[in-house]
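# Descriptive structure summary
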Amino acid sequence: MPLPPPLTLTLSLFLLIAAAFATEIPRFREAPAFRNGGNCAIAGSPGSTIHIAMTLDTTYLRGSIAAIFSVLRHSTCPENIAFHFLTSSRHFQDLNRTITTTFPSLSVSLLHFDPLLVRGKISTSIRRALDQPLNYARIYLAELLPPSVSRVIYLDSDLIVVDDVANLWNINLGGHVLGAPEYCHANFTSYFTPKFWTTSELSKTFLKREKIPCYFNTGVMVIDVNKWRKGGYTSKLEHWMRLQKRHRIYQLGSLPPFLLVFGGEVQKIEHRWNQHGLGGDNIRGLCRDLHPGPVSLLHWSGKGKPWLRIDSNRPCPLDSLWAPYDLLYSPPSSSAAVLLSDG
Ligand SMILES: *[C@@H]1O[C@H](CO)[C@@H](O)[C@H](O)[C@H]1NC(C)=O
Ligand SMILES: *[C@@H]1O[C@H](CO)[C@@H](O)[C@H](O)[C@H]1NC(C)=O
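The structure displayed is predicted, hence computed values, not measured ones.

### Concerning the site of ligand 1
Taken together, Phe92, Gln93 and Asn96 form the complete shell of residues around ligand 1. The side chain of Asn96 places a nitrogen or oxygen atom 2.3 Å from an oxygen atom of ligand 1.

Spelled out as structure tokens, the structure:
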């Protein structure tokens, strides 16, 4: 018997709302246990902790878990690493449960990032994925992290670390607030609009910098959080976001404010710590090759993500380097089931 229309409507509305709130968190395997090597400082002793901050949401969760796993696996002192996850997700508790059950002995804290902080400060960019409020959470690290954290490594969720992260942690920031691999051959001019360059009030921004500003990617950064707090860098970044909203001085999302505030004042980090662009071309999604030189970190920046390409059976050759860190649970009987159903 068909339901009367108002009831059908109520029912479909209910289903729609239920679907919207359903948790879409997949299952993950528990990572193998990890232990400190012989020469590690006692975990928790002063100065022994390596602080790493990442964002966490349901969309990139599989990437985040692979990234965490890669960091632990290549670390000499994995028990001395503390992860701080910035999240705006309404699945806060589920995400926490997923992380703590996948990595039971990991020191984890989830920090709530309020997307209202950036509301009205985000202007649309050329790539929708870049406009997500969580992309801007890294701007608020100094406020979100506990005051006891004085240095932090910020990492994107679409990368894996294949070296001891302590080597990145221990770099000398040379008095700078921020360290990152820089790319001086990239055309810096093109990150800002002609309006920016022709308005002297704006373009003079880069005049008094220590060196010629170069492009750097905000997916891998080492930050002196104390210097950041003292220098009020969060407000400086917010200032440019407000200006962008009114005058459109750049095309991309959360990156240009970092270029505006830190360009020319960045501590250069070796390129091995950001072998970037493996996500491929933003427009056609082509596969990319590694840049020459040693590799400590592989970064699938760009449109394509290894887990999506692997799932769609169209992986790029380098995606095979990501796959060993994938902890997504797959039922052991699936291949047998396929065989049976094929039979
Ligand atoms: C996350 O889960 C752990 C373990 O279940 C719990 O001890 C901790 O309080 C939770 N954290 C938050 C922020 O809810
Ligand atoms: C850099 O980009 C700007 C603006 O997009 C362009 O006018 C300029 O010719 C470019 N410079 C080089 C060296 O390619």
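### Quick look at the site of ligand 2
Taken together, Asn187, Thr189 and Ser190 make up the full set of residues adjacent to ligand 2. A distance of 2.3 Å is found between an oxygen atom of ligand 2 and a side-chain nitrogen or oxygen belonging to Asn187. Taking 360 Å² as the accessible area of ligand 2 by itself, protein coverage stands at 25%.

### Side note on the packing of aromatic side chains
Going through the model one piece at a time under the given rule, you end up with 21 aromatic pairs. For the pair Phe83 and Phe85, a centre-to-centre distance of 5.8 Å together with 5 degrees between the ring planes defines the contact as stacked. Side by side, Phe83 and Phe85 carry an identical accessibility label, which is buried. Judged by centre distance (5.6 Å) and plane angle (40 degrees), the rings of Trp307 and Trp322 are tilted. With Trp307 in helix 11 (residues 306-311) and Trp322 in helix 12 (residues 319-322), this residue pair connects regions lying 15 residues apart in the sequence. Across this residue pair, the class does not change: Trp307 and Trp322 are buried. Taken together through their ring pairs, the aromatic side chains of Phe188, Phe192, Phe196, Trp197, Phe206 and Trp240 make up a single cluster. Directly above the aromatic system of Tyr329 lies the positively charged group of Arg27, at a separation of 3.9 Å from the ring centroid. The lysine or arginine in question, Lys236, covers the ring of Tyr233, its NZ or CZ lying 4.5 Å from the ring centre.

### Section: the packing of helix 2 (residues 61-73) against helix 3 (residues 92-102)
Their axes nearest at 12 Å, the elements helix 2 and helix 3 cross at an angle of 30 degrees. Taken together, the axes of helix 2 and helix 3 are roughly parallel relative to one another. Remark: the crossing between helix 2 and helix 3 carries right-handed chirality. Mapping the contact onto sequence places Leu61, Ile65 and Ile68 in helix 2 and Leu95, Thr98, Ile99 and Thr102 in helix 3.

### So, the pattern of salt bridges
As a working rule, side chains carrying opposite charge can pair if their charged atoms are close by. For the coordinates displayed, the defined rule picks out eleven salt bridges. Residue Arg62 is joined to Asp311 by a salt bridge in which the shortest nitrogen-to-oxygen separation is 2.8 Å. Note that Arg62 is positioned in helix 2 and Asp311 in helix 11, a separation of 249 residues in sequence. When the shortest N-O distance is used, the salt bridge between Arg62 and Asp326 registers 2.9 Å. A residue pair is termed long-range when its members are at least 10 positions apart, and Arg62 in helix 2 and Asp326 in the loop between helix 12 and helix 13 (334-342) qualify at 264 residues. Residue classification places Arg62 among the buried residues on the basis of a relative accessible area of 11%. Through salt bridges with shared partners, a single ionic network connects Arg62, Asp311 and Asp326.

### Quick word on the side chain of Asn217
With respect to the helices and strands, the residue Asn217 is situated in the loop between strand 8 (215-216) and strand 9 (220-224). A polar side-chain atom of Asn217 sits 2.6 Å from the main-chain amide nitrogen of Gly219. In this structure Asn217 touches Ala180, Pro181, Leu255, Asn274 and His299, once residues within four positions along its chain are discounted.

### Regarding the packing of helix 9 (residues 233-247) against helix 10 (residues 255-262)
At a minimum axis distance of 9 Å, the contact between helix 9 and helix 10 shows a crossing angle of 120 degrees. Classified by the angle their axes make, helix 9 and helix 10 are oblique. The chirality of how helix 9 crosses helix 10 is right-handed. The residues of helix 10 that touch helix 9, namely those facing Tyr233, Lys236, Leu237, Trp240 and Met241, are Pro257, Phe258, Leu260, Val261 and Phe262. Of the residues contributing to the contact of helix 9 with helix 10, the split by class is nine nonpolar, no polar and one charged.

### Thoughts on the state of the cysteines
Taken as a whole and assessed by the stated rule, the structure comprises three disulfides. Sulfur-sulfur distance for the disulfide between Cys40 and Cys77 comes to 2.0 Å. Note on the Cys40 and Cys77 pair: the S-S dihedral is about -95 degrees, so by sign convention the disulfide is left-handed. With a gap of 37 residues between them, Cys40 in the loop between helix 1 (5-21) and strand 1 (50-55) and Cys77 in the loop between helix 2 and strand 2 (81-87) connect regions that are remote in the sequence. Of the two residues, Cys40 and Cys77, both sit in the buried class. One disulfide in the model links Cys287 with Cys316; its S-S distance is 1.9 Å. For the disulfide bridge between Cys287 and Cys316, the dihedral angle about the S-S bond is near -85 degrees, and by the sign convention the bridge is left-handed. Taken together, the residues span a long stretch of sequence, with Cys287 in the loop between strand 10 (267-268) and strand 11 (297-299) and Cys316 in the loop between helix 11 and helix 12 at a distance of 29 residues. Look at Cys316 and you get buried, because its relative accessible area is 5%. For the chain, the disulfide bridges join cysteines in the arrangement 1-2, 3-4, 5-6, where the cysteines are counted in sequence order.

Criteria and cut-off values
Residues numbered from 1 in each chain as written. Chains lettered and ligands numbered in written order. Predicted model: local features only at pLDDT ≥ 70, side-chain atom pairs only at ≥ 80, totals over all residues. Heavy atoms only, no water. Near = heavy atom within 4 Å. Polar contact = N/O pair within 3.5 Å; in protein donor to acceptor, adjacent residues only side chain to side chain. Areas by Shrake-Rupley, 256 points an atom, 1.4 Å probe, with all protein chains shown as cover. Phe/Tyr/Trp six-rings, centres within 6.5 Å; stacked < 30°, edge-to-face > 60°. Buried < 20%, exposed > 50% of the residue type's maximum accessible area, 1.4 Å probe, protein only. Helix = DSSP H or I, 4+ residues; strand = E, 2+ residues; numbered from the N terminus. Lys NZ or Arg CZ within 6 Å of the ring centre and 35° of its normal. Axes fitted to C-alpha atoms, helices over the stretch in contact; angles between N-to-C directions. Parallel < 35°, antiparallel > 145°, perpendicular 65-115°, else oblique. Left-handed = near helix turned anticlockwise from the far one by under 90°. Contact = heavy atoms within 4.5 Å. Salt bridge = Lys/Arg side-chain N within 4 Å of Asp/Glu carboxyl O. Nonpolar A, V, L, I, M, F, W, Y, C, P; charged D, E, K, R; others polar. Disulfide = S-S within 2.5 Å.

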